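# Overview (structure and organization)
Residues per chain are reported as follows:
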Amino acid sequence: MKILEIENLSKSFESKFEVVSDCTFNIQAGNICAIVGESGSGKTTLFRLIAGLERPDKGTIRINGTLMSSDKFIRDIKDRNVGLVFQDFSLFPHLTVKENIEFGLNKNKDEKVEKLLEIIKMENFPNRYPNELSGGQQQRVSLARSLAMDPELLLLDEPFSSLDTQLKSKIRQELRDIIKKIGISSVFITHDIIDALEIADEIIFMDNGKIIRQCLIEDVFKEIKDEKIQNNMVELKKNAELILNALKKN
Amino acid sequence: MFLKIKHFKRDFNKWTLLIVALSLFLSIPIFSILISLFSGNGEMWEHITSYFLFDYIKNSAILIFGTGLLTFTIGTSSAWIVAKYTFKYKKVIEWLLFMPLAIPSYIVAYTYVGLIGNGGTFIEILRDFGLSINRIEMMNIYGLIWVLSFSLYPYVYAGTRTIFQSYPSQLKHTASLLGVSNKKYFFSVALPLASPGIIGGMFLVFMEVLNDYGAAKYYGVNTFTTGIFRTWTALEDLQSSIYLSAILVVLVFILILIVKWLRGRRSYNLKQPNAIHKNEIKRTKLSGLKRILYLGILLVPILFGFILPLIQLVIWGIQTFDSMFNYDLIILGLESLSLGLSTALLVVFLACLLIYLSKWNYFKQFNVFSKIATLGYVIPGAIIGVGIIRTSKSLTDLFSFQFNLEIGHLVYNSILVLIYAYLFRFIAVAYNSIEGNTLKLGKNLSESSYLLGYGKIKTFFKIDFPLLKNALLSSFVLVLIDVMKELPLTLILKPYNLSTLAVRAYEYAEDERVAEAALPALFLIFLIGTMITLLNYKLKENK
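Residues numbered from 1 in each chain as written. Chains lettered and ligands numbered in written order. Predicted model: local features only at pLDDT ≥ 70, side-chain atom pairs only at ≥ 80, totals over all residues.

### A short note on the interface of chain B and chain A
- Contacts between the two partners involve 17 residues from chain B and, on the opposite side, 21 residues from chain A.
- Among the elements that line the side of chain B that touches chain A, the one with the most residues is helix α23 (residues 444-451) of chain B, at six residues.
- Residue composition of the side of chain B that touches chain A, by class: 10 nonpolar, four polar and three charged. (Contact = placed C-beta atoms within 7 Å. Helix = DSSP H or I, 4+ residues; strand = E, 2+ residues; numbered from the N terminus. Nonpolar A, V, L, I, M, F, W, Y, C, P; charged D, E, K, R; others polar.)

### Describing the nonpolar core
- The biggest cluster of nonpolar side chains holds 142 residues, and the ones touching the most others in it are B:Ala351, B:Ala421, B:Ile427, B:Val479, B:Ala505 and B:Leu524.
- It is helix α22 (residues 415-441) of chain B that contributes the most residues to this core, 14 residues altogether.
- Those residues in contact with B:Ile427 that sit more than four places away from it in its chain are B:Leu26, B:Val347, B:Leu350, B:Ala351, B:Ala373, B:Thr374 and B:Gly376.
- In terms of nonpolar packing, the next biggest core, distinct from the first, is built from 67 residues, A:Leu84, A:Phe92, A:Phe188 and A:Ala200 among them. (Core = buried A, V, L, I, M, F, W, Y, C linked by C-beta atoms within 7 Å. Buried ≥ 20, exposed ≤ 12 C-beta atoms within 10 Å, placed from the backbone.)

### Some remarks on the confidence of the model for chain A
- Looking at chain A as a whole, the pLDDT averages 85, with 86% of positions reaching at least 70.
- Within chain A, the lowest mean pLDDT, 51, falls on helix α8 (residues 240-248) of chain A, and the highest, 95, falls on helix α2 (residues 97-101) of chain A. (pLDDT = per-residue confidence, 0-100.)

### Looking at the domain arrangement of chain A
Residues and elements named next belong to chain A.
- Along its sequence, chain A is carved into domain 1 (2-81 + 152-248) and domain 2 (90-150).
- Each partner contributes to the interface: domain 1 provides nine residues, whereas domain 2 provides eight residues.
- A total of five residues in the side of domain 1 that touches domain 2 trace back to one element, the largest contributor, which is helix α5 (residues 165-182).
- Of the residues in the side of domain 1 that touches domain 2, the class split is seven nonpolar, one polar and one charged. (Domains from an automatic or database assignment.)

### A short note on unusual backbone geometry
Residues and elements named next belong to chain A.
- Positive phi, normally seen in glycine, also occurs at Asn-64, with a value near 50 degrees.
- Positionally, Asn-64 belongs in the loop between β4 (58-63) and β5 (66-69).
- Not every positive phi belongs to a glycine, and Glu-158 is a case in point at roughly 40 degrees.
- Structurally, Glu-158 is set in the loop between β7 (153-157) and α5.
- Owing to 19 C-beta atoms within 10 Å, Glu-158 belongs among the partly exposed residues under this scheme.

### Some remarks on the pairing of β5(A)
Residue and element names in this part refer to chain A.
- Bridge count between β4 and β5: three bridges; the pairing is antiparallel. Looking across to β5, one finds that Ile-63 is bridged to Thr-66.
- Once β4 ends, the chain turns through two residues before running back antiparallel as β5, passing Asn-64 with a positive phi of about 50 degrees. (Pairing = 2+ DSSP bridges.)

### With respect to the confidence of the model for chain B
Residue and element names in this part refer to chain B.
- Overall, the predicted model of chain B reaches an average pLDDT of 84, with 94% of residues at or above 70.
- In the predicted structure, residues 272-279 sits below a pLDDT of 50 and forms five contacts with residues beyond four places in sequence or in another chain.
- Predicted complex metrics record ipTM = 0.84 and pTM = 0.80.

Dropping the structure here:
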């Protein structure tokens, strides 16, 4: 079953240059998918289009079979049932951890917050304010806040870019564990292919606003024709041990 | 563009309609003046161009150049000393450096004549010491430059000080390692980096200079604003005053272009030191001769912009206390305050509405209307007044001829028209301040709220409003102060049965009863001073 279906999606801004250009792809339900690309490749805009934060010039977006946007129709952001964890986590600074997590909830607040705090291992900090948390803790709270809404699709914008190298490896694993435990379909964008190899089930490569390749993680090494990906592979080979560990998981 | 039109049905929403309607409503004075330009010149236009226009242009240019030079010197030097050094009573001096803003410049103008004019307080003191000076001539364009500069330098000081304070010490260390002297560092690094603050502050000074009516009228200097008034009231030629207004609008836009050009494409952003390195912004303790010299530099603007005018007002206030302090004065103060409070509340509300409607509207091209609606601050009050009178006249004519309805009593002599004029004049003060803060907040917080199921209005009240509280409060107080000090617009549009402290002080001074203007002026300064102090207290508490 497909959780996300994108067809001929394009978006340009004032400059007329297409930041997202005629993208078509599908993502299977239950998978973690990584969209990998360099800065300026259009992956953030693609994300914002899926979440409904930008309006597409053309193309359609369907989530779990429901039409989200087309040339004639656009579903409001709040009705999309999509969770998004921003790169800067975007926690509401004037609210505590608990208040942030329960922000979108209308019923069973305490029960749900308690459960989520346990999952993200922050049971002891419900009354802390975001500025009293570390980067990793802020990310987990942001994740819990999105998960509280039981979204059909979870989007994560560069989830590891603001973390230091030592913390990164630990958080990658934690994040994968949480997502898999809840069993939610997720898409995350990254410029670092190691992130993708460590936690994703499938990868989409993006360049100049276009989708240049989509494959399962185990197929990454098979028959690569694109020069840019080949260059990335050279980098990857330098980290052979890491790659092997990543592949073992699949 | 094609794509946008293609998606018109999909992307058009109520916010688009509202932003266009609100912006057009707020821009009526500008459109009114522009339209009037095509109705031919007035009867007195030839007379004005032959005898006055050159004077208006020359005097306005001299005023801008003179006050520009003086406010730049005072503002940047005091900002540098406050930002870079520590000394005893620094907090009091910092507060005093802002205080000239509490005294309207036309009131400062009256006090100088009382201080150093014929038989003035200062002249009498000199006589007591055996020095015989009859008077120091103030009532000319140079006196006006002096008065306006010492009243308005805080605009340059405020913007520049903030930038100077943000320089990390590494910048100075790098310059020292490269063998750059202190003097060269100040002129070739510190000052150019502060140029956005300096230019922004000086632009506000220029706008205030062009808007000034009371001081220029009292000193007998012909400027555009006094000319617009004279043409409309004494010569009774509204059309010619609109022509004069249009020329002034063109001059203002030339100034805006110069400011844009001066700012250029260079980046002045310094990477801010993070929390751990905050202590790297170091300040030197002043001592010895340098201390005396630098404190002297700080005391000059405080003395000439605040203390001397205040002393003169207090002397006059004591002299006229018995005859002037009465129930009427209290009522007048309360009327001024309530007019200011209600206008400020409405201005902040509409500024927020403009900002958020622009955000929520998907057709960004329409946001240009909201920018037009915020041009009021760069257009002198007299022009806005004339624009509104012009619109009112057209409206009453239209209703009278087309529908046989007399609506004159609704549009003339109405407090609603005065408040509308304040709205147009001061909405930019609130708009710029709040918009700057919303930009600092970024989009992600409100977008997170939308994704969590909240609508736009609910998100505003739950997320933006609590986080913008300080900015909203500051804007509210700034607008309140501006409204309470405002003179030309109030003089043109106020209903007969309404007065303000500013207008009352002006009326006494106009009647050559300058001493009697002191108590309304002191009351006004007291109210403004209280507002500034309360704002500071509240901002500190909210931190």
